[in-house]
Amino acid sequence: MAATIIVAISIVLFVFAVVTLWWTMHAWRTPETLAGTRFSAHDGTHSLSFSLLLPARHEQQVLEHTVQRLMESTHTRFEIIIIVGHDDPETTAVAERLASTHPYHVRVVTDTNPVKNKPRALNTALPYCRGAVVGVFDAEDQVHPHLLEHVDHAFRVTKADVVQGGVQLINYHSSWYSLHNCLEYYFWFRSRLHLHAQRGFIPLGGNTVFVRTAALRAVGAWDGDCLAEDCDLGVRLSSRGAKVVVAYDSTLVTREETPATLGALIRQRTRWNQGFLQVLFKGEWRRLPTAWQRMLARYTLIGPFIQAFSGVAVPLGVFIALFFDVGTLAALVSFLPLAPMIASLMFQVVGLRDFGRQYQLRIGPVHYARLILGAFPYMLVLAVAALRAVWRFLRKRNNWELTSHVGAHLAVGQAESATAARSQA
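Residues numbered from 1 in each chain as written. Predicted model: local features only at pLDDT ≥ 70, side-chain atom pairs only at ≥ 80, totals over all residues. Heavy atoms only, no water.

**Thoughts on unusual backbone geometry**
Moving on, step 1. Unlike most non-glycine residues, K159 shows phi in positive territory, near 55°.
Moving on, step 2. Topologically, K159 is positioned in the loop between α6 (147–158) and β5 (162–164).
Moving on, step 3. With a relative accessible area of 64%, K159 lands in the exposed category.
Moving on, step 4. Backbone geometry at Q360 places phi at a positive 55°, although glycine is not the residue there. (Helix = DSSP H or I, 4+ residues; strand = E, 2+ residues; numbered from the N terminus. Buried < 20%, exposed > 50% of the residue type's maximum accessible area, 1.4 Å probe, protein only.)

**Observations regarding the nonpolar core**
In summary, soluble globular proteins display a tendency toward joint burial of nonpolar side chains.
Moving on, step 1. Counting 49 residues, the largest nonpolar core has L53, L204, V211, W222, L233, F355 and Y359 as its most contacted members.
Moving on, step 2. Counting residues in hydrophobic clusters, the runner-up holds 34 residues, among them L70, M71, A154 and A247. (Core = buried A, V, L, I, M, F, W, Y, C linked by side-chain atoms within 4.5 Å.)

**So, the packing of helix α9 (residues 229–239) against helix α10 (residues 262–282)**
Moving on, step 1. Contact geometry of α9 with α10 gives a least axis separation of 9 Å together with a crossing angle of 30°. Classified by the angle their axes make, α9 and α10 are roughly parallel. Note that α9 runs across α10; the crossing there is right-handed. Contact with α9, carried on its side by C231, D232, V235 and R236, involves F276, V279 and K282 of α10 and no other residues of that element.
Moving on, step 2. Its residues placed into classes, the contact of α9 with α10 shows four nonpolar, no polar and three charged. (Axes fitted to C-alpha atoms, helices over the stretch in contact; angles between N-to-C directions. Parallel < 35°, antiparallel > 145°, perpendicular 65-115°, else oblique. Left-handed = near helix turned anticlockwise from the far one by under 90°. Contact = heavy atoms within 4.5 Å. Nonpolar A, V, L, I, M, F, W, Y, C, P; charged D, E, K, R; others polar.)

**Describing the environment of V279**
Moving on, step 1. Looking at where V279 falls in the secondary structure, it is placed in helix α10.
Moving on, step 2. V279 has contacts with C226, A228, C231, D232, V235, W285 and L301, leaving out every residue within four places of it along the chain.

**Focus: the pattern of salt bridges**
Opposite charge on two side chains permits pairing when their charged atoms draw close.
Moving on, step 1. Scanning the model with the defined rule gives 15 salt bridges in all.
Moving on, step 2. The salt bridge partner of D43 is R156, with a shortest N-O separation of 2.9 Å. Of this pair, D43 sits in the loop between α2 (31–35) and β1 (50–55) while R156 is found in helix α6, placing the two residues 113 residues apart along the sequence.
Moving on, step 3. The partly exposed category is assigned to D43, whose relative accessible area is 44%.
Moving on, step 4. For R156, a relative accessible area of 23% corresponds to the partly exposed category.
Moving on, step 5. For K282, the salt bridge goes to D223, with nearest N and O atoms at 2.8 Å. Taken together, the positions of K282 in helix α10 and D223 in the loop between α8 (213–218) and α9 put the pair 59 residues apart, joining distant regions of the chain.
Moving on, step 6. A relative accessible area of 41% places K282 in the partly exposed class.
Moving on, step 7. Linked by salt bridges that have partners in common, D223, D232, R236 and K282 make up one network. (Salt bridge = Lys/Arg side-chain N within 4 Å of Asp/Glu carboxyl O.)

Quick look at the structure:
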């Protein structure tokens, strides 16, 4: 019986690891595919107007920098709507000061909902949007000045309903886990999301996402009770046949920081996983028109839990195979998932080198060592977050656990600017 269970689990994990690796490599399969994932050159036309939503809760440390960065946009038709809570005077003071400094571009909307979370804040601001396109950013985002011009062009040439831009965690050196967290984002926005967009099912990202205002209102905006409101919106838009375009360019990505502590990372990942469970059981994905899209949706929504399970099951299976009498065939099969996992780790090593080159970051032996030695501990961290998500989901604990920001990604940007300035001197 034990041998049968080991063989069955090993085969499932092997298939999951192979599929995950294949999908992660999507953008790099051919030079044409890689080239097709980028923004095309814009034509300088500003035909669309943007309402940029900026929910900010206890973000007084980073909000001003984000708004000032948005004000540097080369696009001329945009408004910034900062959404603050009625119980958050510190952030409100910063927001009001920014609005008085930039009265033409910046407005403040107060969220009076007794229960605060991001989707409710966004829904509060939506009636005030005057732009043809609604864009969402987080309060700590570092947005490129040319991004809106590229997004404007992408909407026009592709006739898209949604344009998802790239987001990249950048402070890879801050902690042992930050390197893994940065690479997760790199592979997700650089490669995986493009596959989802092509297949007609996409869990959207939480920011640097732009949706035509009419399309957003037509699907009922965001689910105010969902902990992964971005994923949920993507599922509903996909099920209604919306055209989604994903574009990634390392010079245009929105830069963010990893959670400052391991506990914050676990809470953040717990929220995402719990949100995926909510979306799975809501069942909207069943309205997708094809069986392939529904399969992709089901696989994606349960993916974090299979990944977490593999982090525990693989070493346990190998241990049982080595030290218990389960038969030669079962013992051999138990090692099967290790092959694609090792291949995936090697691909991450190559990806780390690529990441460093694209962002002009210094990647040294210590970072490769962190990547390899930290791979299994990071899987365990993800497993803990997945288990915690299930526990909270079963107990119906759906409160929003806010991830605080300290601006670690800004230090990386400043270091790069200093380096560039020195090189130009």
